[in-house]
Amino acid sequence: MLSSIIADYRIVFERDPAARNGLEVLLCYPGLHALWLYRLAHGLYTLGLPLIPRLISHLARFLTGIEIHPGAKIGKGVFIDHGMGVVIGETAIVGDYALIYQGVTLGGTGKESGKRHPTLGENVVVGAGAKVLGNIILGNNVRIGAGSVVLKDVPSDCTVVGVPGRLVYRSGVRINPLEHGNLPDSEAAAIRALMDRIEALEKELEELKQNQEKSVKTVSHKELATASCCSINERDLREFLDGSI
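Below you will find a few notes about this structure. From a predicted model like this one, the values you see are computed outputs, not experimental measurements. (Residues numbered from 1 in each chain as written. Predicted model: local features only at pLDDT ≥ 70, side-chain atom pairs only at ≥ 80, totals over all residues. Heavy atoms only, no water.)

**Section: the overall build of the chain**
- The helix and strand tally for the chain stands at five helices and 15 strands.
- Looking at the 245 residues of the chain, the share that counts as buried comes to 34%.
- Sequence separation of 24 or more characterises 36% of the internal contacts of the chain that already satisfy a separation of 6 or more.
- Of the roughly 14,700 Å² of accessible surface on the chain, 59% is carried by carbon and sulfur atoms. (Helix = DSSP H or I, 4+ residues; strand = E, 2+ residues; numbered from the N terminus. Buried < 20%, exposed > 50% of the residue type's maximum accessible area, 1.4 Å probe, protein only. Contact = heavy atoms within 4.5 Å. Areas by Shrake-Rupley, 256 points an atom, 1.4 Å probe, with all protein chains shown as cover.)

So this is what it looks like as structure tokens:
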């Protein structure tokens with residue numbers, strides 16, 4: 001437990017550029033306080049003590065706005081940034097060096113017993129307001145965009161955005177965990193592609209209209225010329241016949 005507590009403290013300076021000094025981190029970081037109280041509650045929970053672990057969890061929620069069930073399993077070096085409204089369920093598992101922002105829920109989807117909360121791998125980033133629900137697995141180095149709702153397993157080295165969450169593969173690319181705002185927008189890309197296609201079709205349609213108008217004008221001029229020739233020939237024939245008579 002001591003090594004986890006030290007790792008929780010050190011990771012703050014790596015993940016939060018606003019961390020100025022050690023005393024400030026010790027006194028003013030509710031995410032750190034919530035994790036330390038959780039580790040105490042979890043230790044007592046694993047010993048089978050009734051009530052007390054839940055009371056500690058309830059106290060931590062009152063003090064920090066972060067609710068972590070003492071039965072959850074959280075690795076070392078986890079950082080909960082700001083943290084207000086974070087909820088981590090009883091059977092949730094959070095891997096080492098995960099980064100969790102405010103408003104995140106790692107919750108269940110029903111009243112089933114057993115494992116009913118998500119499992120997060122190492123170096124996972126869960127953006128503000130994201131909901132990860134059910135007994136699903138998120139692989140290592142996964143990033144969840146802010147406000148996303150994840151209901152299915154996510155392979156390692158992937159990014160998930162949207163409601164419901166959609167995969168955007170980023171395998172083989174190392175990404176700074178703090179760049180959680182730099183996520184691809186698959187909906188915007190799809191809409192942009194549709195707009196480009198519509199513009200191309202409109203341009204093609206306009207060219208077809210212009211070609212059709214040119215063809216109509218050409219045909220009209222030919223018909224007019226033919227009609228004029230026919231009128232002239234008919235008039236000459238009548239004059240010739242009249243002269244012969």
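**Some points on the nonpolar core**
- Ranked by internal contacts, the top residues of the largest apolar core, which has 30 residues, are Ile 68, Ile 88, Leu 106 and Leu 138.
- Looking at this core, the elements that each hand over two or more residues are helix H3 (30-46) and strand S14 (158-161).
- Top element by residues in this core is H3. It accounts for three residues.
- One finds Ile 11, Val 25, Leu 32 and Val 125 within the second-largest nonpolar core, a separate group that totals ten residues. (Core = buried A, V, L, I, M, F, W, Y, C linked by side-chain atoms within 4.5 Å.)

**Points about the sheet that holds strand S2 (residues 73-74)**
- Judged by pairing direction, the sheet is parallel, and its four strands sit side by side in the order S2-S5-S8-S11 without closing on themselves. Bordering the open sheet on either side are S2 and strand S11 (137-138), each of which pairs with just one other strand.
- With two bridges connecting them, strand S5 (residues 93-94) and strand S8 (residues 119-120) associate as parallel partners. The partner of Ile 93 across the bridge, within S8, is Thr 119. (Pairing = 2+ DSSP bridges.)

**Side note on the packing of aromatic side chains**
- Under the defined criterion, the tally for this structure stands at one aromatic pair.
- Judged by centre distance (5.4 Å) and plane angle (80 degrees), the rings of Tyr 9 and Phe 13 are edge-to-face. Of this pair, Tyr 9 and Phe 13 both sit in helix H1 (residues 2-15), four residues apart, roughly one helical turn.
- Overall, the relative accessible area of 35% leaves Phe 13 in the partly exposed class. (Phe/Tyr/Trp six-rings, centres within 6.5 Å; stacked < 30°, edge-to-face > 60°.)

**A look at unusual backbone geometry**
- The step from Val 163 to Pro 164 runs through a cis peptide bond, and the omega angle for that step is -10 degrees.
- By secondary structure assignment, the location of Pro 164 is in the loop between S14 and strand S15 (166-169).
- Non-glycine residue His 82 carries a positive phi angle of around 65 degrees.
- Residue position: His 82 is located in the loop between strand S3 (79-80) and strand S4 (87-88).

**Here's the deal with the pairing of S14**
- The alternating pattern of S14 places Cys 158 and Val 160 on one face and Thr 159 and Val 161 on the opposite face, and all of these are buried.
- In terms of strand pairing, strand S12 (residues 143-144) meets S14 through two bridges, oriented parallel. Along S14, the bridge assignment pairs Arg 143 with Thr 159.

**So, the pattern of salt bridges**
- Inspection of every chain in the model, using the stated rule, returns three salt bridges.
- A salt bridge links Asp 8 to Arg 39; its shortest N-O distance comes to 2.6 Å. Within this pair, whereas Asp 8 is found in helix H1, its partner Arg 39 is found in helix H3, the two being separated by 31 residues in sequence. Here Asp 8 and Arg 39 have matching classes, each one buried.
- Salt-bridge contacts for Arg 61 lead to Glu 67; the nearest nitrogen and oxygen are separated by 3.6 Å. (Salt bridge = Lys/Arg side-chain N within 4 Å of Asp/Glu carboxyl O.)

**Section: the environment of Leu 120**
- With respect to the secondary-structure elements, Leu 120 resides in strand S8.
- C-alpha separation for the pair Leu 120 and Val 132, spaced twelve residues apart in sequence, amounts to 9.6 Å.
- When near neighbours in sequence (up to four residues on either side) are disregarded, Leu 120 contacts Ile 93, Val 94, Gly 95, Leu 106, Val 126 and Leu 138.

**What to know about a nonpolar patch on the surface**
- Residues Leu 23, Leu 26 and Leu 27 make up a contiguous nonpolar surface patch of roughly 310 Å² in combined accessible area.
- On the secondary structure map, Leu 26 appears in helix H2 (residues 22-28).
- Since its relative accessible area comes to 37%, Leu 26 is described here as partly exposed. (Patch = residues over 30% accessible without salt bridge, like charges linked within 9 Å, V, L, I, M, F, W, Y side chains within 5 Å.)

**Observations regarding empty space enclosed by the protein**
- All chains considered together, the criterion is met by one cavity of 30 Å³ or more.
- For the largest cavity, the calculated volume is near 40 Å³.
- Only H3 and helix H4 (52-64) provide two or more residues apiece to the lining of the largest cavity.
- Tallying contributions element by element places H3 first for the lining of the largest cavity, with four residues. (1 Å grid on protein atoms, 1.4 Å probe; cavity = no way out; pocket = protein on both sides within 12 Å on 5 of 7 lines; lining within 4 Å. Points joined across faces, edges and corners; volume = space filled by probe spheres on them.)

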